Amino acid sequence: MGAALLAHAGMWVCDRRWPVLSLRHSLVLVGLVLAVVAVLPLHHSRDLFLYDIYGRAVVEHRVSPYTTAPSELGDPTVDLVAGEVARADLDVRPRVRGSGIDRVLGRRGIRTARSACRGRSSQLHAPWLRSCSSRGGTRDPMAAMALGCSPVMLATVNDAHNDVLLGLAILVVVLLVDDRRYVFAGGVAAIAVAMKVPAAVPIAAVAAWVLWRRGWRPAMWFSVPLFAAVTTAYLAVGGSEAMRPLRESSGDDSRFAIWQPLRDARFEQLLEDGVRWRVALDTVRDQMSTYALALLVIALAVAIWRFRRAGHPGEVAGIAGVVLMITSTYVMPWYPAMVLPVVALAWTSRTSRVAQVQAGFLLLAYAERPGNDPTTWLGTLLEQRAVWVNLAFLVAALWWCRPAHVDEHTPAFLAAWRSDAAIASDE
């Protein structure tokens, strides 16, 4: 894994010293690599089987996956889900909507569903790469290869995570906003948020950029369809009840998140104070989710302000996604797949490099098997120093990163404010 990450990082050196392939040849090469990883066995995660359970809950069991846990269905697919998710005492409800494939495939089985998910992920990769090269202001073949040959993206396609589709949706949003097709962009943004709620963070950053650079009317044309569609969707599947799984999972934490040392110390302190184990766990989860939300809001405000002069909305979405990956209490190695396609629009920028390095850190760290005791010295080192690594990423994102393309024109929002002020002064 380390060798693959180093080889990928070497693309920045190759781009300067060696002749590169044409864009067409680069896309063919990436397509071949994607085809290989798409047919290999699942390597790490078993989330794909959860997607299947959510769909079967709707299509076969006729129940809502928002109110019925997989363990309550008696579905044999539960046994295919790895680790703790398969235990019947856990209440795992969907963070994604997975019923579409099952409605089409019926009872054809897990193998067909897996092939469909992976095929959809890999087939959509080539349009991504072409969009990143032609619509993003560059036709650099290395930009296509940097995204398509990223170990993070290849691992995500191999495990058939929906983050691949999420990254596609966010990329489409920023390209539509750049073309000033705000209503259409708002509709696609609603699909992204419905797919996975964290997509709201980079999309909110895009909305802020539109308000600042284009004015309040374009911001309304973008935001109103988005808000209306998401609200209608949640009302249709249960209203506040559909939000309960999100609230229950808000305190989840992962081993290499920035909050893990604080979480462990606080948990041990509560146990020493005589607090019961379950109460202590719930208390710590609530506290960590509150701290993470506060840090996300502050860091996001700083990042958006620093990128307010960005010439393309993709840069704002990219830095917002990077901040989200760093400040979250729960982040997995496939989560950056929602950010990498957008940052590839300016693939040699500082934001792109921070995003790639942070994604590589997660991929390398989670190469360790799950559990409290890492199996190698490297896993132990990464787990012990994860908080400092994440803090370094956060400083880099908020201080070192800057827009690759700057728009020197007066922002529409500021111009409108000055115009209103001048009118008021004259009166």
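Residues numbered from 1 in each chain as written. Predicted model: local features only at pLDDT ≥ 70, side-chain atom pairs only at ≥ 80, totals over all residues. Heavy atoms only, no water.

Participant: Talk me through the pattern of salt bridges; I want residue IDs and the actual numbers.
Facilitator: Inspection of the entire model under this criterion finds six salt bridges. A salt bridge links Lys 196 to Asp 163, with the nearest nitrogen and oxygen atoms 3.1 Å apart. Taken as a pair, Lys 196 in the loop between helix 11 (182-195) and helix 12 (200-214) and Asp 163 in helix 10 (residues 163-178) lie far apart in primary sequence, 33 residues in all. A single burial state applies to Lys 196 and to Asp 163, both of which are buried. Linked by salt bridges that have partners in common, Asp 52, Arg 56 and Glu 60 make up one network. (Salt bridge = Lys/Arg side-chain N within 4 Å of Asp/Glu carboxyl O. Helix = DSSP H or I, 4+ residues; strand = E, 2+ residues; numbered from the N terminus. Buried < 20%, exposed > 50% of the residue type's maximum accessible area, 1.4 Å probe, protein only.)

Participant: Tell me about unusual backbone geometry, residues and numbers included.
Facilitator: Residue Ala 160 is not a glycine yet carries a positive backbone phi of 60°. Mapping Ala 160 onto the fold places it in the loop between helix 9 (151-158) and helix 10. With relative accessibility at 3%, the residue Ala 160 sits in the buried group.

Participant: How would you summarise the packing of aromatic side chains if you had to cite specific residues and measurements?
Facilitator: One pass over the full model with this rule turns up eight aromatic pairs. Ring centres 6.2 Å apart and planes at 90° place the aromatic pair Phe 267 and Trp 277 in the edge-to-face group. Residue Phe 267 is located in helix 15 (residues 260-272), and its partner Trp 277 is located in helix 16 (residues 277-306); the two are separated by 10 residues in the primary sequence. Taking relative accessible area as the criterion, Phe 267 reaches 9% and is therefore assigned buried. Through a chain of ring-to-ring contacts, three or more aromatic side chains come together here, namely Phe 256, Phe 361, Tyr 366 and Phe 393. In this arrangement the basic side chain of Arg 263 is found over the ring face of Phe 267, its NZ or CZ atom lying 5.6 Å from the centre. Geometry around Trp 305 places Arg 308 over its ring, the cationic atom sitting 3.9 Å from the centre. (Phe/Tyr/Trp six-rings, centres within 6.5 Å; stacked < 30°, edge-to-face > 60°. Lys NZ or Arg CZ within 6 Å of the ring centre and 35° of its normal.)

Participant: Explain the nonpolar core residue by residue, including any values.
Facilitator: Formed by 82 residues in total, the largest nonpolar core has its most connected members in Val 177, Ile 203, Phe 222 and Phe 361. The element that contributes the greatest number of residues to this core is helix 10, accounting for 10 residues. Leave out the neighbours within four places in its chain, and Phe 222 touches Val 173, Val 177, Tyr 182, Ala 185, Gly 186, Ala 189, Ile 203, Val 206 and Ala 207. Judged by nonpolar contacts, the second largest core, of 14 residues, contains Val 37, Ala 143, Met 145 and Ala 146. (Core = buried A, V, L, I, M, F, W, Y, C linked by side-chain atoms within 4.5 Å. Contact = heavy atoms within 4.5 Å.)

Participant: Just give me the short version of the packing of helix 11 against helix 13 (residues 216-236), but keep the residues and values in it.
Facilitator: Orientation of helix 11 relative to helix 13, taken along the N-to-C sense of each, is 35°, at an axis distance of 7 Å. Taken as a pair, helix 11 and helix 13 cross one another with a handedness that is right-handed. Counting all contacts with helix 11, which are made through Tyr 182, Val 183, Ala 185, Gly 186, Ala 189, Ala 190 and Val 193, the residues of helix 13 involved are Pro 218, Trp 221, Phe 222, Pro 225, Leu 226, Ala 229 and Val 230. Per-class residue counts for the contact of helix 11 with helix 13 are 13 nonpolar, one polar and no charged. (Axes fitted to C-alpha atoms, helices over the stretch in contact; angles between N-to-C directions. Left-handed = near helix turned anticlockwise from the far one by under 90°. Nonpolar A, V, L, I, M, F, W, Y, C, P; charged D, E, K, R; others polar.)

Participant: I'd like a rundown of helix 15, residues and numbers included.
Facilitator: The terminal C-alpha atoms of helix 15, which comprises 13 residues, lie 18 Å apart, in line with the 18 Å expected from a rise of 1.5 Å per residue. For helix 15, the set of buried residues is Gln 260, Arg 263, Phe 267 and Leu 270. Across the axial projection of helix 15, the buried residues extend over an arc of 95°, all falling on one side. Here the buried face of helix 15 lies against helix 16. A positive phi of about 90° marks Gly 274, the residue just after helix 15. (Expected span 1.5 Å × (residues − 1). Arc of directions from axis to C-beta.)

Participant: Tell me about a nonpolar patch on the surface, residues and numbers included.
Facilitator: Residues Leu 211, Trp 216, Met 220 and Val 224 make up a contiguous nonpolar surface patch of about 380 Å² in total accessible area. Ranked by the residues each element gives to the nonpolar patch, the list is headed by helix 13, at three residues. By secondary structure assignment, the location of Met 220 is in helix 13. Accessibility expressed as a relative area gives 45% for Met 220, which makes it partly exposed. (Patch = residues over 30% accessible without salt bridge, like charges linked within 9 Å, V, L, I, M, F, W, Y side chains within 5 Å. Areas by Shrake-Rupley, 256 points an atom, 1.4 Å probe, with all protein chains shown as cover.)

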